[in-house]
Amino acid sequence: MRTATRKPLFYAAITLLVLFTTLPVLYAVLTIFKRESELYRFGSNPFIYETSPTLEHLIYLFTDTAFPTFALNSIIIGLLVVAITVVLAVPAAYALARLTGNWGERSGMAIFLVYLIPPTLLFIPLFRIVVALGLANTIWSLVLVLPTITIPFCTWLLLGFFRSVPPQLDEAALLDGCTRLEAFWKVVLPQALPGIGACIVFAFSLSLSNYIYAVTFVSESAARNISAGVPTELIRGDVYFWPSLMAATTVVAIPLGIAYGLLFDYLVRGFQSAGAGGE
Amino acid sequence: MNAGPTGSDRAAPTRPDGALARLALALERPRVLGALMLAPAVLYVVAFVAVPFFIAIALSMSDATVGDPQIDTFVGLDNFIAVVSQSGFRLALRNSLLITTLTVLILLVLATTAVELLARDFRGKRLVQVLFMIPWAMPVSLSAITWLWVLDSQYSPIDWVLVQIGLLGPGGTFGPSWNLFYLGREGLAIASIVLVDVWRTLPLATIIVLAGRLSIPRERLEQAQLDGAGFFRILFRIIIPALAPVLTVAILFTALLVIGEMSTIALLTRGGPGHSTQILPFWAYLKGINSGDLGQGAAIALFLFPVLLAAAIVALRFAYRAGRD
């Protein structure tokens with residue numbers, strides 16, 4: 001295929017693709033450093049700085065808003081959700097792939113059906129459960145509930161990974177005198193590390209992104225996370241603090257974008273195994 | 001482990017009689033170990049997905065409100081009938097389906113194209129991968145806010161460009177106004193929402209399809225090329241048919257992400273103007289939480305479930321069968 005690649009055409013297409021995904025973010029970055037006087041002057045060129053750029057909006061975001069709290073809450077929630085997800089989904093996926101026999105064969109589809117019940121259907125009853133448990137307005141409500149999204153997804157992803165590990169490996173370990181748990185822990189698990197890595201990334205990203213649970217369960221600023229806190233705190237009625245909003249967006253998007261981008265091949269491999277396992 | 005009779009040599013490995021030894025033996029049976037490893041996840045899902053799901057069904061058939069949340073009065077299908085008879089319902093259902101369908105169709109084309117580009121090796125691939133993943137790295141609500149600014153009714157940079165090239169403004173092709181009001185007009189607002197949904201789900205769709213694309217044996221593509229097949233012939237005769245199962249999975253994943261998400265609408269249009277961009281999830285939120293009518297909120301949220309279920313079963317059957325061939 002490579003010989004047939006028409007280079008300029010290929011690079012033009014790649015550039016278009018990248019422009020599509022990045023233009024709004026580039027514009028957001030441009031906005032962060034604009035002075036209000038220029039930003040809201042009708043007809044001024046939005047793509048250049050007609051007056052000198054300023055750091056005041058970025059500083060405002062970190063010193064005068066609850067954004068640092070939101071970010072910290074998001075990180076704590078994300079890490080705990082990842083931990084819960086891995087602890088529950090890894091053994092479950094291994095069990096379905098190896099131990100439960102024919103019963104586990106169709107489980108890929110069953111897991112998908114769980115994934116089909118969307119948060120928009122569950123948020124009202126889950127809100128009642130959260131209130132009953134006394135967790136409303138705390139980050140713990142989200143730590144408890146967000147694994148409903150990540151566990152089915154990660155179990156499905158890992159199922160493919162475990163199925164792609166040759167069963168002969170377990171059998172050899174068993175013949176060598178390992179117990180089944182040891183075979184899982186010492187032999188199969190290391191083979192599935194890329195899958196677990198993909199799971200961690202996906203679980204973190206899904207927990208960060210959820211909006212409906214975050215706005216429903218938490219209405220106090222101190223316990224809000226980024227996805228619900230930024231739109232409520234930096235938009236008051238009809239007043240939008242645009243440069244600070246854009247700062248909040250890019251502060252989140254750029255580091256995560258780099259992390260996900262570097263993990264790109266990893267994530268693709270994650271889905272490759274999941275697909276192969278489903279066949 | 002510490003509780004084991006470590007000092008005793010009575011516990012011969014062949015004849016287990018301690019509780020721990022019996023446990024260890026039981027753990028060697030795949031079914032027992034399997035059930036134990038599966039149990040925590042299953043219990044969690046039952047408690048926080050299955051139980052709430054049935055509560056949602058019960059709520060939808062009760063007169064529960066935020067003020068009186070007890071599910072004590074059975075009202076049958078009254079909530080569903082009340083919901084269907086409201087003018088907003090038809091619009092919300094239509095928009096949910098329309099937005100999802102359009103998004104998925106555009107995604108199919110864009111993701112297949114992106115996959116053909118990203119399946120190759122080229123200089124600067126790492127950088128392209130990073131830039132490509134940025135939409136997915138943003139929480140959906142922040143993507144929505146970014147687009148809200150790009151599509152601003154007064155300061156949209158797109159409007160500014162259109163004015164500069166003479167398409168907008170007095171004497172312009174698109175009318176005398178200085179702005180197009182992307183989110184203030186029904187057709188444009190729906191198109192804008194679709195654009196935002198395509199933008200935010202393209203990375204995930206591409207990753208799924210790319211996974212399938214890279215699984216096509218290289219020899220098959222090279223053989224086809226040796227046989228003199230051109231790029232488009234290879235694309236339509238080999239790549240796309242081979243991708244069918246994985247495209248189905250990609251469609252299902254992204255469709256579920258799009259149809260269940262309310263933050264794009266909540267932040268971009270708030271369902272307006274009027275109810276013209278209303279979707280079922282956001283309407284369920286407004287009814288159930290803002291107006292406090294839990295029963296009707298649950299009924300609206302439940303509406304899509306049979307549709308999603310049927311679509312998913314058909315799609316997965318197809319993917320399963322196509323994957324076996």
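These figures come from a predicted structure and were not determined experimentally. In every chain, residue numbers begin from 1 and rise along the written sequence. Both sets of labels track the order of writing: A upward for chains, 1 upward for ligands. In view of the model being predicted, local features appear only for residues whose pLDDT reaches at least 70, and side-chain atom pairs are presented and counted only at 80 or more, with totals across whole chains, interfaces and linings using the full set of residues.

Helix and strand assignments follow DSSP, with helices taken as H or I runs no shorter than four residues and strands as E runs no shorter than two, numbered in order from the N terminus. Of the regular secondary structure elements, chain A holds 16 helices and two strands. Taking the principal axes of its C-alpha atoms as reference, chain A extends roughly 75 × 65 × 30 Å. To sort residues by burial, count the other C-beta atoms lying within 10 Å of each one's C-beta; a count of 20 or more means buried, 12 or fewer means exposed, and anything in between means partly exposed. C-beta atoms are built from the backbone. Taking all 279 residues of chain A together, 49% fall into the buried category. Restricting the contact set of chain A to residue pairs at least 6 apart, pairs at least 24 apart contribute 77%. Contact criterion: two residues are in contact if their C-beta atoms, reconstructed from the backbone, are within 7 Å.

When the parts come together, some accessible area is lost, and that loss is often what is quoted as the size of the interface. Residue and element names in this part refer to chain B. How far each domain reaches was decided by an automatic or database domain assignment. Each domain of chain B was delimited in the assignment, giving domain 1 (1-60) and domain 2 (74-324). One C-alpha centre belongs to domain 1, the other to domain 2; they are set 42 Å apart. Domain 1 puts four residues into the contact, and the matching count from domain 2 is seven residues. Its residues assigned to classes, the side of domain 1 that touches domain 2 shows three nonpolar, one polar and no charged. All amino acids are sorted into three groups, where Ala, Val, Leu, Ile, Met, Phe, Trp, Tyr, Cys and Pro are nonpolar, Asp, Glu, Lys and Arg are charged, and the leftover types, Gly among them, are polar.

Taken together, the 81 residues of chain B in the interface contact 83 residues of chain A. Take the side of chain B that touches chain A: its biggest share by element is 17 residues, from helix α2 (residues 30-60) of chain B. In terms of residue class, the side of chain B that touches chain A is built from 65 nonpolar, 12 polar and four charged.

What follows deals with the domain arrangement of chain A. Residues and elements named next belong to chain A. Each assigned domain of chain A is listed with its residue range as follows: domain 1 (1-54) and domain 2 (55-278). Here the C-alpha centre of domain 2 lies 31 Å away from the C-alpha centre of domain 1. Tallying the contact residues gives nine residues for domain 1 and 11 residues for domain 2. In terms of residue count, the dominant contributor to the side of domain 1 that touches domain 2 is helix α1 (residues 7-32) (five residues).

Let's shift gears to the confidence of the model for chain B. All names here are of chain B. pLDDT gives the predictor's per-residue confidence on a scale running from 0 to 100. Per-chain confidence: chain B averages 82 in pLDDT, with 93% of residues scoring 70 or above. Across residues 1-13, where pLDDT falls below 50, the model places seven contacts with residues more than four positions away in sequence or in other chains. Scoring the predicted complex yields pTM 0.86 and, for the interface, ipTM 0.86.

Turning our attention to the environment of P147 of chain A. Note on placement: P147 of chain A falls in helix α9 (residues 147-164). Overall, the presence of 28 C-beta atoms within 10 Å leaves P147 of chain A in the buried class. Put simply, P147 of chain A and Y60 of chain A are 87 residues apart on the chain and 34 Å apart in space, counted from C-alpha to C-alpha. Residue contacts for P147 of chain A: discarding those within four places in its chain leaves V81, I84 and T85 of chain A together with Y44 of chain B.

All names here are of chain B. Mapping L183 onto the fold places it in the loop between α7 (157-164) and α8 (186-214). Looking at L183, the number of C-beta atoms within 10 Å reads 21, which means it is buried. For the pair formed by L183 and P30, sequence separation is 153 residues and the distance between their alpha carbons is 57 Å. Leaving out residues up to four positions away in the same chain, L183 has contacts with L151, A189, S192, L268 and T269.

Counting buried positions along helix α14 (residues 226-233) of chain A gives six out of eight residues, so the element sits mostly inside the fold. Restricting attention to buried positions, one finds in α14 of chain A the residues I226, S227, A228, G229, V230 and P231 of chain A.

Moving on, we come to helix α12 (residues 193-209) of chain A. Helical geometry: 3.6 residues make up each α-helical turn, so side chains three or four residues apart lie on a common side. Residues and elements named next belong to chain A. In this model, α12 (17 residues) spans 24 Å end to end at C-alpha, consistent with the 24 Å of a helix rising 1.5 Å per residue. Along α12, 12 of the 17 residues are buried, which leaves the element largely enclosed by surrounding structure. Within the sequence span of α12, burial applies to G195, I196, A198, C199, F202, A203, F204, S205, L206, S207, L208 and S209. Residue count minus one, scaled by 1.5 Å, sets the expected span of a helix.

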